[in-house]
Amino acid sequence: MPLVDQIDAEDGGRDYLRFTASIHNHELDLEHLDRRPNKALDGLKTLAASMLDGLPEHLLLSRRDMAKTVLLHALADYCRKCEQDEGYDSRHRDDFINTLTRALAGLFSTPL
């Protein structure tokens, strides 16, 4: 099975996230996700576009790339912690989501 197909695996794509994070070189390209219907990703793109409106192109690209890096590694690290501790997800999911959301919102909305 191609690795990209792991995104839709029953475990939520953990293997894909962890592998991609391990080889990530700060040039992550999510084009393959653009071809898949995904309401969460579409919502994130819309939110990011509205928050980044008016930024100079070089800052727009820099913040977008940094957001991809943060998102990828945060999710991969969270998956690792869930695998090491069976109850981790039930105890930490809400805090993780809130912290990640706020971190990305701060990244996008920080003034020039």
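Numbering of residues starts from 1 in every chain and runs along the sequence as written. This being a predicted model, a pLDDT of at least 70 is required before a residue's local features are given, and a value of 80 or more before pairs of side-chain atoms are given or counted; all residues contribute to the totals for chains, interfaces and linings. Note that the side-chain values use all heavy atoms of the structure and ignore hydrogens as well as water.

**Remarks on the overall build of the chain**
Numbering of helices and strands starts at the N terminus; helices are DSSP runs of H or I of at least 4 residues and strands are runs of E of at least 2. Helix and strand counts for the chain come out as five helices and zero strands. Of the regular secondary structure in the chain, the N- to C-terminal order runs α-α-α-α-α. The buried share among the 112 residues of the chain stands at 28%. Whether two residues touch is decided by their heavy atoms; if any such pair falls within 4.5 Å, the residues are in contact. Nonlocal contacts in the chain, meaning residues at least 24 apart in sequence, comprise 67% of its contacts between residues at least 6 apart. Residue exposure (1.4 Å probe, protein chains only): buried if accessible area is under 20% of the type maximum, exposed if over 50%, otherwise partly exposed.

**A look at the packing of aromatic side chains**
Centres within 6.5 Å make a pair out of two Phe, Tyr or Trp rings, where for Trp the six-membered ring is used; the pair is then stacked when the planes are under 30 degrees apart, edge-to-face when over 60, and tilted otherwise. As enumerated under the stated definition, the model contains two aromatic pairs in all. With centroids separated by 4.2 Å and ring planes inclined at 25°, the aromatic side chains of Tyr78 and Phe96 adopt a geometry described as stacked. With a gap of 18 residues between them, Tyr78 in helix α4 (residues 57–84) and Phe96 in helix α5 (residues 88–109) connect regions that are remote in the sequence. Tyr78 gets classed as buried once you look at its relative accessible area, which sits at 10%.

**Remarks on the environment of Asp77**
If you trace the backbone, Asp77 turns up in helix α4. It is 9.0 Å that separates the C-alpha atoms of Asp77 and Leu17, two residues lying 60 residues apart in sequence.

**What about the packing of α4 against α5?**
In this description, a line fitted to the C-alpha atoms serves as the axis of each element, helices being fitted only across the stretch in contact, and the angle between N-to-C directions of two axes falls anywhere from 0 to 180 degrees. At a minimum axis separation of 11 Å, α4 and α5 run at an interaxial angle of 170°. In terms of their interaxial angle, α4 and α5 are classed as roughly antiparallel. Here Arg63, Arg64, Met66, Ala67, Val70, Leu71, Ala74, Leu75, Tyr78, Lys81 and Cys82 of α4 come into contact with α5, specifically with Tyr88, Asp89, His92, Arg93, Phe96, Leu100, Leu104, Leu107, Phe108 and Ser109. Residues were grouped as follows: Ala, Val, Leu, Ile, Met, Phe, Trp, Tyr, Cys and Pro as nonpolar; Asp, Glu, Lys and Arg as charged; and all remaining residues, including Gly, as polar. Here the contact of α4 with α5 is composed, by residue class, of 14 nonpolar, two polar and five charged. Under this scheme an angle from 65 to 115 degrees is roughly perpendicular, one under 35 degrees roughly parallel, and one over 145 degrees roughly antiparallel; angles in between are oblique.

**Quick word on the nonpolar core**
To define a nonpolar core, start from buried Ala, Val, Leu, Ile, Met, Phe, Trp, Tyr and Cys residues and group those joined through side-chain atoms within 4.5 Å. Judged by nonpolar contacts, Leu52, Leu55, Ala67, Ala74, Tyr78, Cys82, Tyr88, Phe96, Leu100, Leu104, Leu107 and Phe108 together constitute the single largest core of twelve residues. Elements supplying a minimum of two residues to this core: α4 and α5. Phe96 has contacts with Ala74, Leu75 and Tyr78, leaving out every residue within four places of it along the chain.

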